[in-house]
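Reading the structure
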Amino acid sequence: MERPGRLLLQSELRVRNAAYDVSLSRSLLIWKRRTSSPVYHPFRPRFCVPLFPRRPDPGVCHSVPVSEIISVREEEEENGSRQRDDGSWKKIREREGKDCRQAFTVLYVERCRQHRWRCAEVTFTCSDEAVCQHWVSSIREQLASNTSRPKHLLVYINPYGGKRQGKRIYEQKVAPLFTQAGISTSVIVTEYANHARDHLKMEAELKKFDGVVCVGGDGMFSEIIHGLIWRTQIDCGVDPNSTEEALSPCSLRIGIIPAGSTDCICFASVGTNDPVTSALHIIVGDSQPLDVCSVHHNNMFLRYSVSLLGYGFYGDVLSDSERKRWMGPARYDFSGLKMFLTHHYYEGTVSYLPAKGIIGTPRDATRCRSGCVICQHNGQLNSERSEKYEMDEASDSESSGEWRTIRGKFLAINAASMSCACPRSPKGLSPAAHLADGTTDLILVRKCSRFNFLRHLLRHTSKDDQFDLTFIEVHRVRRFRFMPRHCQSDSDLELDLHENSKRQIFSQICKDHPACGCAPAYSSWNCDGEILTHTAIDVRVHGQLIKLFARGIEELPVFEDLSNPCAI
Ligand SMILES: CCCCCCCCCCCCC/C=C/[C@@H](O)[C@H](COP(=O)(O)O)NC(=O)CCCCC
Ligand SMILES: Nc1ncnc2c1ncn2[C@@H]1O[C@H](COP(=O)(O)OP(=O)(O)O)[C@@H](O)[C@H]1O
Ligand SMILES: [Ca+2]
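Residues numbered from 1 in each chain as written. Chains lettered and ligands numbered in written order. Predicted model: local features only at pLDDT ≥ 70, side-chain atom pairs only at ≥ 80, totals over all residues. Heavy atoms only, no water.

- Naming follows an unreviewed UniProt entry, where the chain appears as Ceramide kinase-like isoform X1 of Pundamilia nyererei.

Okay, structure coming up:
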């Protein structure tokens, strides 16, 4: 908790007819109820008024960081009933000689359960109009001096994401908050898939905006990053398709108003998929860097990914679920169960470049949280590394011996660049993964029995470690490649010719008869909810390439007496 700095303003004001000492500094707004008869304690100095000062009474003393004030508005209060400030009302009351007080209302962020934020308000009244106006203008000045808050936003709404509530969620829950906070918006309701991506790439006048907001799910967010990253590279003279060039980071921040089916990016970066919470993070101007993976096939750019790149189980779930979009978010549960029962495995070779010199491993107990020191440390390391990028790329070559290779049969190959926490799995696919450390966690689930795979899946929803199983391995990597067995070199294939020809025949038959247990040759990649057209891929992590209007998941508050200005 911040300590109050030099006071800008201090007055005695009233809140619901009780007298409060109210003070404003650059960092805090504090209102503290005046106590008429302080409790005397012979062994405590006088400033320790409460006998049990462990927790200040919330009814007596409040403090709000100025950075979390949403807005302030003038009101008038007459005989207890409040009115919005409006000149005509004021004149009438003056003529009639009624008891007329000036009032102003401060709207601010209040934390609720499970990382949710709400917009709370408090109305202060005073009899002196000049004092009241001084308060309003001082608070407005403080808000205006905060340059990280967005003033103009470009908003894209996917009306068909999730339960098709995107438009309603934006209009009813988000737009009124933006208006209160004085944010102007240009809103585009998308008319077709990739509308937002193409508009960002080719048309949007990005200079006019302080950020881009998407209302939808992970697929909609994916459209936004594809448009924005591509546009940034073109503006900076970088070839967006290059496998080797260092990409330029995007300066515009992206806000996500969750209205999709999984909402994993929002959940993993804010801690909840609540539209009001996300809107408030946008208003206060939060900033959270995010890693982005580029995916190439034979030196041809395919897509970017920020959350899950999954082959096998998650690829199959996605392919199957796309045909069931009419079911809404429940399609994933249906296809998830179906693919679990189908139990297909896939053969191939995974090679990866372990992340060197970083802090942290995928089996850590520490979690990526707001102000994460691991992301800061590893982010710094990555930016130093990209400065001497050319040299580094040379040492990344297979001949340097840094690459490791694993051949095998896999039920799933997942790369989680963030925890991938979502309502289905609150701790995520890789609970210790970091939002902005420049790495991705490569999780290999080898062929095992259905029972063992179920044990692994169930651990996504329990406290048990989902990697503590003999058929799972997990590596924190900067780059990896996958080659399905049937794309391997001729000499590799010759070795398996006999087995291969047998499987080709069976895979034809078994496409329609999955219950026979014979696996098809290929799965597909689930890339943040989009199906990739190629299976052999080369994936590279670009540390902190984009920024979100978020601050990472906040730790649950630990009450500290001395750090709370109200307790002093
Ligand atoms: C027997 C109980 C098993 C429960 C295990 C559940 C584990 C779920 C982990 C889900 C990780 C999701 C990572 C994010 C993926 C999204 O990018 C993608 C697209 O989202 P959207 O655009 O919002 O539709 N979602 C999925 O691929 C859904 C996977 C669900 C698998 C059951
Ligand atoms: N107007 C539209 N009509 C059809 N598809 C759209 C439209 N706008 C966006 N999309 C596409 O819808 C897909 C799913 O969107 P998303 O918002 O992620 O919802 P969900 O989480 O339910 O998958 C994305 O691939 C996106 O490209
Ligand atoms: Ca990461």
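1. Details of the pattern of salt bridges
- In this structure the tally under the stated criterion is 29 salt bridges.
- Bridged by salt links that share partners, the residues Glu68, Arg111, Asp286, Arg551 and Glu554 form one connected network. (Salt bridge = Lys/Arg side-chain N within 4 Å of Asp/Glu carboxyl O.)

2. Observations regarding the packing of helix α4 (residues 195–203) against helix α5 (residues 218–236)
- Direction vectors running N to C along α4 and α5 enclose 15°, while the axes themselves pass 8 Å from each other. Considering their axes alone, α4 and α5 lie roughly parallel with respect to each other. In this structure, α4 crosses over α5, and the sense of that crossing is right-handed. Facing His195, Ala196, Arg197, Leu200, Lys201, Met202 and Glu203 of α4, the residues of α5 in contact are Met220, Glu223, Ile224, His226, Gly227, Leu228, Trp230 and Arg231.
- Of the residues assigned to the contact of α4 with α5, the class counts are 7 nonpolar, 3 polar and 5 charged. (Axes fitted to C-alpha atoms, helices over the stretch in contact; angles between N-to-C directions. Helix = DSSP H or I, 4+ residues; strand = E, 2+ residues; numbered from the N terminus. Parallel < 35°, antiparallel > 145°, perpendicular 65-115°, else oblique. Left-handed = near helix turned anticlockwise from the far one by under 90°. Contact = heavy atoms within 4.5 Å. Nonpolar A, V, L, I, M, F, W, Y, C, P; charged D, E, K, R; others polar.)

3. A look at the site of ligand 1
- Ligand 1 sits among 20 residues. The nearest are Gly219, Thr262, Tyr332, Asn526 and Asp528.
- One of the backbone nitrogen or oxygen atoms of Asp218 is found 3.3 Å away from an oxygen atom of ligand 1.
- One nitrogen or oxygen atom from the main chain of Thr262 is found 2.8 Å from an oxygen atom belonging to ligand 1.
- About the coverage of ligand 1: the protein hides 87% of its 780 Å² of free accessible area.
- Those elements giving two or more residues to the shell around ligand 1 turn out to be α5, α9 (330–342) and α12 (450–458).
- In terms of domain composition, the shell around ligand 1 takes at least three residues from each of domain 2 (147–287 + 549–568) and domain 3 (302–542). (Near = heavy atom within 4 Å. Polar contact = N/O pair within 3.5 Å; in protein donor to acceptor, adjacent residues only side chain to side chain. Areas by Shrake-Rupley, 256 points an atom, 1.4 Å probe, with all protein chains shown as cover. Domains from an automatic or database assignment.)

4. Examining the UniProt feature "domain: DAGKc" (unreviewed entry) in the chain
- UniProt feature "domain: DAGKc" (unreviewed entry): in the numbering of this structure it lies at residues 148–299.
- Within residues 148–299, the helical portion is 39% and the strand portion 22%, while the C-alpha atoms at the span's ends are 38 Å from each other. (UniProt positions renumbered as here; feature names shortened; annotations may be inferred.)

5. Things to note about empty space enclosed by the protein
- Taken as a whole and judged by the stated rule, the model has 3 cavities of 30 Å³ or more.
- Within this model, the largest cavity holds a volume of roughly 60 Å³.
- Lining the largest cavity are Gly312, Phe313, Asp316, Met339, Phe340, Thr342, His343, His344, Leu411 and Phe453.
- Put simply, the parts of the chain that give the lining of the largest cavity at least two residues each are α8 (313–322) and α9.
- Taken together, the residues of the lining of the largest cavity break down into 5 nonpolar, 4 polar and 1 charged.
- In this structure, the second largest cavity occupies an estimated 50 Å³ of space.
- Of all elements in the fold, only β12 (253–258) and α6 (264–270) reach the threshold of two or more residues within the lining of the second largest cavity. (1 Å grid on protein atoms, 1.4 Å probe; cavity = no way out; pocket = protein on both sides within 12 Å on 5 of 7 lines; lining within 4 Å. Points joined across faces, edges and corners; volume = space filled by probe spheres on them.)

6. Let's talk about the side chain of Asp274
- Along the chain, Asp274 falls in the loop between α6 and α7 (275–283).
- Asp274 has contacts with Arg116, Trp117, Arg118 and Pro258, leaving out every residue within four places of it along the chain.

7. Observations concerning the site of ligand 2
- Around ligand 2, the surrounding shell holds 20 residues, and the nearest of these are Gly162, Thr190, Gly217, Glu223 and Ser261.
- At 3.1 Å, a backbone N or O of Met220 approaches an oxygen atom of ligand 2.
- Between ligand 2 and the protein, one listed contact pairs an oxygen atom with a side-chain N or O atom of Ser261 at 2.6 Å.
- Expressed as a share of its isolated accessible area of 560 Å², the protein-covered part of ligand 2 is 86%.
- Of the residues forming the shell around ligand 2, the biggest block, 4 residues, is contributed by α5.
- Taken together, the residues of the shell around ligand 2 sort by class into 5 nonpolar, 9 polar and 6 charged.

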